[in-house]
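Structure at a glance
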Amino acid sequence: MADDTNPRDQIPRRQFLKGAGAAGTAVAAVMTPVAVTQAEAQSARPAAGPAQHAPETWLTLNATEAEFVKAAVDTIIPADELSPSGSDCGVASFIDHQLAGAYGSGARLYRQGPFPKAKAELGYQLELNPREFFRAGITAANEFTRKTYGKDFDRLSESDRIAALKTMDEGKAAFPGFSSAMFFNALLQITMEGFFADPMYGGNRDMAAWKMVGYPGLPATYRDEIKTYFNKKYDKPPRSIADFS
Amino acid sequence: MATMLKEVDAVCIGVGFTGSILARELTKAGLKVVGLERGPNRTSRDDFALPNVRDDLKYAVRQELFQDTQTETVTLRHSTPETALPIRRLGSFLPGTGVGGAGAHWNGVTWRLLESDHNLRTHLESRYGKTAVAAEMTIADFPQSYTDLEPYYDRFEKLCGISGKAGNLRGQKIEGGNVFEGPRQNEYPNKPLALTLAGSLMQKAARDLGYHAFPAPAANMSAAYTNPEGLTLGACEYCGHCERFGCEANAKSSPQSTILPVLLQDKNFELRTYAYVKELVYDKQAKKVKAVRYVDTRSGEEFEQPAQLVLLGAYVFNNVLLMRTAGIGEQYDPATGKGTIGKNYCYQVSGNAVTVFFEDKEVNPFMAAGAHGMNIDDFNGDNFDHAGLGFFGGAWISCGSSNGRPILTRPVPAGTPRWGREWKKATAKWYNHAVNIGASGCNYAHRENYLDLDPTYKDALGRPLVRMTYNFRDNDKKMALYIAGVLDKLATAMKPTIQGKASSRTGDYNVVPYQSTHNTGGTMTGTDPQSSVVNRYCQAWGADNLFVMGASLFPQNASYNPTGLVGALAYYAAEAITTKYVKNPGPLVPA
């Protein structure tokens, strides 16, 4: 299991935060030293250290949502010989950043009402912006797994997580307001965006996804190669925007 | 109150391809032209520079260069009894904004229509009988024949340096080019793009089946090219970032690479960006558009710009909106068939495709140009006998890819899960071994497909959104099913390791997946004011100083991408304006 080999997960963050929450006013006091420790740990590390050891911080997702997103992207993109898991590639962090930014707050989304129920061919017709939509969807998904399996999604075994996502994918999980398939499609879409986008967005760490398929990235100037690599595998390692910046 | 400005000779609404062409031709003729562009300026140097121009997420997925639906969108319903709802996020089509318009971020497929596409109704009625065309298929001839437009197609191809190979040079058929095309006076200005593996597979399959393969005409430069404006376009790097992106190498024809550097130097031209045209000031008695009102979106201030000539070169929907709200021409009503504005809205029948997988071949899909493809036209338009088929029209069929950008392009064999371990395995295994054969089908006008104004939803300026009443009809679905059969034959002939089944056009029009930005019609060109909005010179019947540009002129959509015809019509209209209208302002065709 990927979780067993990830040092980040040895102190279950969510459990810690939940404990802190139970202690009420102690939260802020407890949080501060943790943050300092993490900052110190980072400054003590060589700059070229592996990216996955960076402290895990969230711009908009709360702890429950972050755990859901990590577990979901690791189910959609499990670790194997082809690539590390979705979260180890930074995809959960990518989703957090996207939802915290312009996309999450509804950029390029016409938001005037009325918002009647609509057929799927007319596309997205909800009043919610993507950040709000993911909040509602994650809440509904956890309610669904608690009802079906007795636990939040991220606490399920891998096989139950796969089964739960499959039920959502098929639109068979009962979600209030919108179909589970609609939520799953949005989750799948943003997961793939994070996995395959340029690594500067936080996902596709070390160009893992590009290496997996053999996409060379930048600079993508093939005027000669289109002839010399005719029916030949392109064997150059991928490069990203950061390599040319 | 709007601030009144000093009158100019001509005002251009929209500075995309048509606005740039018209402005260039008119300023050369000595007219003072103001270009009003709702979006920002965009230059290759600042906006399309490496490395960030290769940002797939920003441009292809988050839609950086397109019209912002928060400002303006359209509503859709599939039939008149339904309530239309806004297209809240762009998907099916991607209109541009900003200087260069969609001409900055297109793929570059540049066709001439077939001769029989130009006189479609006459052609079909003479070949299949007077009653062959169903009453609800409201197709019409273009008033401009292929022969009329040939020199103007040629001008646009030369402006753009189109890469291709002639198949009909002054009547002589040439194998290796498109033998179905109308006679050309000249060869393409640039040689065809490099042959890809997919292209070579298509050539062989087509030969085996007795079809005629030819390289798609492309506005991607197979070699550096200097156009008649004296501007040099670079050679294409086959980077696979055309559609949705600008080009850092000026190797894709765009207003930026083909005209604007010259136009912007001309003292007769003034570019005003952030100038969002709100309405046309129409004098119905005088049959003139006296001025245009626009909002400076940086300040919210309104201006009224009077002009002798008004050139409407916005996108299809805005052309319709501005004419409709000004009351130039009567709204089309599908119940009576009366009225012309909004009539014959058409689209493109796409979604007809098959992917084949070759275990032993390396495709390198990321080495590609936007219009890269090996095509056949054997099943296009009326190039094949339709007797007894139950439909008219056809599709151009192409093999190849415009890109291998993996956020959106990751073909896997049918039956592969969309996520999880099996998805990963299949994606890694087949990414570099997949070849796509796709078709772009014509969309013939239907009585119940049209545009008008939405009663509920508004744009950022408070105007009603354009309402689209549209669906694919029987003719489209039957045609697509027939074309799917051809795709299956081509796929089989390639002897792939895995062959899927060709998809066809089924179900209702869906605005979510990208199909094409080939929206057409709504201000159609024709021979009389009862059945059309503008005359053969693209001059409005209701306002003789208003000339309308773009694909909103089309009476129906051929299978071909519209830009070649849009460019030809722009040059055709420009010549009529500079040689006829300016000397003697008034209707160029008696109503």
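Residues numbered from 1 in each chain as written. Chains lettered and ligands numbered in written order. Predicted model: local features only at pLDDT ≥ 70, side-chain atom pairs only at ≥ 80, totals over all residues. Heavy atoms only, no water.

Moving on, we get to the interface of chain A and chain B. How big an interface is tends to be stated in terms of accessible area lost as the parts join. Between chain A and chain B, the contact holds 73 residues from the first and 68 residues from the second. Of the roughly 6000 Å² buried between chain A and chain B on both sides combined, carbon and sulfur atoms contribute 60%. Among the residues chain A hides against chain B, the three largest losses belong to R108(A), Y110(A) and I226(A). Together they make up 16% of the total. Where chain A touches chain B, the interface holds seven salt bridges. If you look at where chain A meets chain B, you find 36 residue pairs in polar contact (both at pLDDT 80 or more). Going through the elements one at a time, α4 (63-76), α5 (91-100), α7 (158-169), α8 (180-196), α9 (208-213) and α10 (225-228) of chain A are the ones with two or more residues in the side of chain A that touches chain B. Among the elements that make up the side of chain A that touches chain B, the one with the highest residue count is α8(A) (nine residues). Of the residues that constitute the side of chain A that touches chain B, the class distribution is 45 nonpolar, 14 polar and 14 charged. (Contact = heavy atoms within 4.5 Å. Buried area = accessible area lost by both parts, 1.4 Å probe. Salt bridge = Lys/Arg side-chain N within 4 Å of Asp/Glu carboxyl O. Polar contact = N/O pair within 3.5 Å; in protein donor to acceptor, adjacent residues only side chain to side chain. Helix = DSSP H or I, 4+ residues; strand = E, 2+ residues; numbered from the N terminus. Nonpolar A, V, L, I, M, F, W, Y, C, P; charged D, E, K, R; others polar.)

Before going further, it helps to examine the pattern of salt bridges. Counted by the stated rule, this structure contains 50 salt bridges over all chains. Between K172(A) and E170(A) there is a salt bridge whose closest N-O contact spans 3.5 Å. By relative accessible area, which is 60% here, K172(A) ends up exposed. Taking the relative accessible area as the measure of exposure, E170(A) reaches 43% and is therefore partly exposed. Via salt bridges that share partners, R112(B), E150(B), D154(B), E157(B), K158(B), E181(B) and R184(B) belong to a single interconnected network. (Buried < 20%, exposed > 50% of the residue type's maximum accessible area, 1.4 Å probe, protein only.)

It is worth spelling out the sheet that holds strand β16 (residues 374-376) of chain B at this point. Residues and elements named next belong to chain B. Ordered by their spatial adjacency, six strands build an open sheet running β8-β16-β17-β18-β15-β21, and the pairing between neighbours is antiparallel. Edge positions in the sheet fall to β8 (213-215) and β21 (498-499), since each has one partner strand and no second. Most of the contacts of helix α7 (residues 197-209) go to β16, to which it runs at about 25 degrees, and overall it touches β8, β16, β17 (395-399) and β18 (434-441). (Pairing = 2+ DSSP bridges. Axes fitted to C-alpha atoms, helices over the stretch in contact; angles between N-to-C directions.)

Residue and element names in this part refer to chain B. Its place among the elements puts T520 in the loop between β21 and β22 (539-540). Judged by relative accessible area, T520 falls into the buried class, the value being 0%. Excluding residues that lie within four positions of it along the chain, T520 makes contacts with V316, N344, Y345, C346, Y347, A551, F554, Q556 and N557.

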